[in-house]
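Take a look at the letters that make up each chain.
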Amino acid sequence: MTKYICKRLFMAVLTVFVVATLTFFLMNAVPGGPYEAEKSISPQAKAALEAKFGLDKPLFEQYLTYLKNILHGDFGPSLKQRGRNVIDIILTKFPVSAKVGIISVMVSLLVGVPVGCIAAVNRGKISDSAIIVIATVGIAVPSFVVCSLSMYFFGVKLRWLPTVGLTTWKHYVMPVFSLSFYPTTYIVRLMRSSMLDVLGQDYMRTAKAKGVSRAVSLFKHALRNAVLPVVTYLGPMMAYTLTGSFIIEKVFTIPGLGGEFVSSITNRDYMMIMGTTIFLATLMVAINFLVDIVYKIIDPRINLK
Amino acid sequence: MVKNPLSFQLKAEDFLPATEEEKQGLVVMRESVGFWRDSLRRLVKNKVAMVSLFVIIVIMFFSFVVPSFYPYSYEQQQKGAENLRPMTYSQAELDRIANGEKVTPHFLGTDKLGRDYAVRIMVGSRISMTVGLVAAVIILVIGALYGSIAAFFGGWVDIIMMRIVDIIYTIPDVLLIVLISIALKGPLAGLSSQAAFGWVGIVGPNLVSIFIVFALLYWVGMARIVRSQVLVLRESEYVTAAKALGAGNGRIIRKHLLTNCIGTLIVTTTLQIPSSIFTESYLSFLGLGVAAPLPSLGSLASTAINGMNTYPYLLIAPALLISLIILSFNLFGDGLRDAFDPKLKK
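Residues numbered from 1 in each chain as written. Chains lettered and ligands numbered in written order. Predicted model: local features only at pLDDT ≥ 70, side-chain atom pairs only at ≥ 80, totals over all residues. Heavy atoms only, no water.

### What about a nonpolar patch on the surface?
Residues and elements named next belong to chain B.
So, point 1. Together, Phe54, Val58, Phe61, Phe62, Phe64, Val65 and Phe69 give the surface a local cluster of nonpolar side chains, amounting to about 660 Å² of exposed area.
So, point 2. Locating Phe69 in the fold gives a position in helix H3 (residues 47-69).
So, point 3. Note on Phe69: relative accessible area 57%, which makes it exposed. (Patch = residues over 30% accessible without salt bridge, like charges linked within 9 Å, V, L, I, M, F, W, Y side chains within 5 Å. Areas by Shrake-Rupley, 256 points an atom, 1.4 Å probe, with all protein chains shown as cover. Salt bridge = Lys/Arg side-chain N within 4 Å of Asp/Glu carboxyl O. Helix = DSSP H or I, 4+ residues; strand = E, 2+ residues; numbered from the N terminus. Buried < 20%, exposed > 50% of the residue type's maximum accessible area, 1.4 Å probe, protein only.)

Shown next, in the form of structure tokens:
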């Protein structure tokens, strides 16, 4: 187990390192460099800026300083929001995104798992077919379609829900709905097929034969085994939620990290792009690492190499 | 005459022509069905898959064929025809109708620059389709070769190659796509101004960078699937036989291993198309997709959001179409998977 954790930890650190390196060299390949966008800048000021941030040094030396700074959590200053460091912006904006993201993940799990089970238990009945149709259609709808259409119908047409900002609980309804839509439909399908698999197993028949009640056999024997594939989906779901937040936050004007990232792309705020990329990548790698270990703990049969 | 049981003399009656009855017994009752025929038969029986295939063909017809003879072009701006409602005409067009000319109606109205929206949607779905198909081919080629090489050689080659795949797999793809498309924008724009690379300008630097990104990142899923198949196949006797006959590694991989996992390859490639379309529309929605004035379903939806209070159809049309495209490809891919899976043989 320790060996496995060490191995996975090594891979995780390696991945973050690769991402950081790629980010650095890709951003250096952008013609003009980070300060090119500042048209008003004089050559002297530009040289002074370059000297200040070490941009006049050889590329490899810059790379080493950059890695060292990252390890200290220093992503440099934002190019567009004067006087603010990238890490400060990330730390103030990220909690907002995290709140919406965590609520969405909870909603997808709390809706997806029971609905998938209901479909599997009622296999072949109308409720099952209805759930399958909705899930199959739902899985094909991109998040920007869900959020823009729900914004149109519930925000603009019916005026039930506010469309901008994130102040009351009502503001959370549409972003959370849009963000959890795809993962929910995915979990429903996953849960249904794995539950059907489990229900056909011999130990379910044994449980029935020895007189275990339907409820106990479903909750204790079936659900525990059927929920395992959903645990593996946790990693990809977190990644989806993080990247989906770019669109949701742009559409609903939520002051989170995703919206900030999108606007830093349009503003060509390279330092912000680099910082956010490394921050989010590290977060995702860490989540994947935890999910893998949790999976190994709850299912000792799986012997991952 | 009593025949000696040890005699080598043959019986004359064994060599008489067969009677009609005997011939009948040798006739094959059912034609033997090959792999392709069998799969096709199952696919045709699958109603959902056939309907999705039909939808895909109709959408392809509208996106690749119709715009070439449609009376409006996607970038043609008509003065005085801005923001028309569906099926309405501008003043100039009404005059022309009054003069007895025939004017094609704007089925979906026009946008705020006076461009016919129906043709923009068609061209937009052409972009989505192209991205989906080209990306699928790129992913197929790279993934299949990579996966089969890793599995065929095994040992250290396999370990190193699959660790690389693991790393790419854990890297959040959208972040890298954003990063790479920003970094590639400049160089590709410069490249398109050079004579030999004029095609880059025609296709559009952003589209090319999307393809490059797919080529760099998206093949890992395919590589894993192919590897697991080849790991099983390489132990089979015909590979040993081919080796004994002196076939080279390249020939074995191409002629024996990859052709034997063709079903998996087709299914995985088909299911890759919707996910590439998904990513392209996502990028276009964020403003990282194809460059204006070329439309894409994602960018059309993104532009329409600002005016959705007054012109909701501008948003609803591309949103529904992109969902329909992805849904049809998903269902068709599922149908293919069922058709190629011998375990489901009826």
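### Things to note about the nonpolar core
So, point 1. Counting 163 residues, the largest nonpolar core has Tyr66(A) and Phe246(A) as its most contacted members.
So, point 2. With 14 residues, helix H15 (residues 312-340) of chain B is the single largest residue contributor to this core.
So, point 3. When neighbours within four sequence positions are excluded, Tyr66(A) is seen to be in contact with Ala20(A), Thr23(A), Phe24(A), Met274(A) and Ile278(A).
So, point 4. Listed in part, the 9 residues of the second largest apolar core include Tyr70(B), Tyr72(B), Tyr74(B) and Val123(B). (Core = buried A, V, L, I, M, F, W, Y, C linked by side-chain atoms within 4.5 Å. Contact = heavy atoms within 4.5 Å.)

### Here's the deal with the confidence of the model for chain B
So, point 1. Across chain B, the average pLDDT comes to 81, with 93% of residues at or above 70.
So, point 2. Mean pLDDT across the elements of chain B ranges from a minimum in helix H8 (residues 198-203) of chain B, with 66, to a maximum in H3(B), with 89. (pLDDT = per-residue confidence, 0-100.)

### Structural notes on unusual backbone geometry
So, point 1. Positive phi, normally seen in glycine, also occurs at Thr253(A), with a value near 50°.
So, point 2. Following the sequence through the fold, Thr253(A) ends up in the loop between helix H10 (228-251) and helix H11 (257-266).

### Re the environment of Asn288(A)
So, point 1. Examined against the element boundaries, Asn288(A) turns out to sit in helix H12 (residues 270-298).
So, point 2. Relative accessible area serves as the criterion here: at 19%, Asn288(A) is assigned to the buried category.
So, point 3. A C-alpha to C-alpha distance of 25 Å links Asn288(A) and Gly138(A), two positions 150 residues apart in sequence.
So, point 4. Setting aside residues no more than four positions away along its own chain, Asn288(A) makes contact with Arg8(A), Gly235(A), Pro236(A) and Thr170(B).

### Points about the interface of chain A and chain B
So, point 1. Of the residues lining the interface, 46 residues belong to chain A; the matching set on chain B comes to 41 residues.
So, point 2. Interface area for chain A against chain B, summed over the two sides, is near 3,600 Å², with a carbon-plus-sulfur share of 83%.
So, point 3. Linking chain A with chain B are 0 salt bridges.
So, point 4. Going through the elements one at a time, helix H1 (2-29), helix H5 (126-139), helix H6 (143-157), helix H7 (169-199), H10, H11 and H12 of chain A are the ones with two or more residues in the side of chain A that touches chain B.
So, point 5. No other element matches H1(A), which puts 9 residues into the side of chain A that touches chain B.
So, point 6. Looking at the side of chain A that touches chain B, its residues break down into 34 nonpolar, 8 polar and 4 charged. (Buried area = accessible area lost by both parts, 1.4 Å probe. Nonpolar A, V, L, I, M, F, W, Y, C, P; charged D, E, K, R; others polar.)

### Remarks on the pattern of salt bridges
Residues and elements named next belong to chain B.
So, point 1. Here the structure, examined in full by the defined rule, presents 11 salt bridges over all chains.
So, point 2. Between Asp166 and Arg163 there is a salt bridge whose closest N-O contact spans 3.1 Å. Residue Asp166 and its partner Arg163 are both found in helix H6 (residues 155-170); the two are separated by 3 residues, about one turn of the helix.
So, point 3. What makes Arg163 partly exposed here is its relative accessible area of 39%.
So, point 4. With a shortest N-O distance of 2.9 Å, Arg337 and Asp334 are connected by a salt bridge. Of this pair, Arg337 and Asp334 are both found in helix H15, 3 residues apart, which corresponds to roughly one turn of the helix.
So, point 5. Since its relative accessible area comes to 19%, Asp334 is described here as buried.
So, point 6. In the salt-bridge network here, residues are joined through shared partners; they are Asp38, Arg41 and Arg42.

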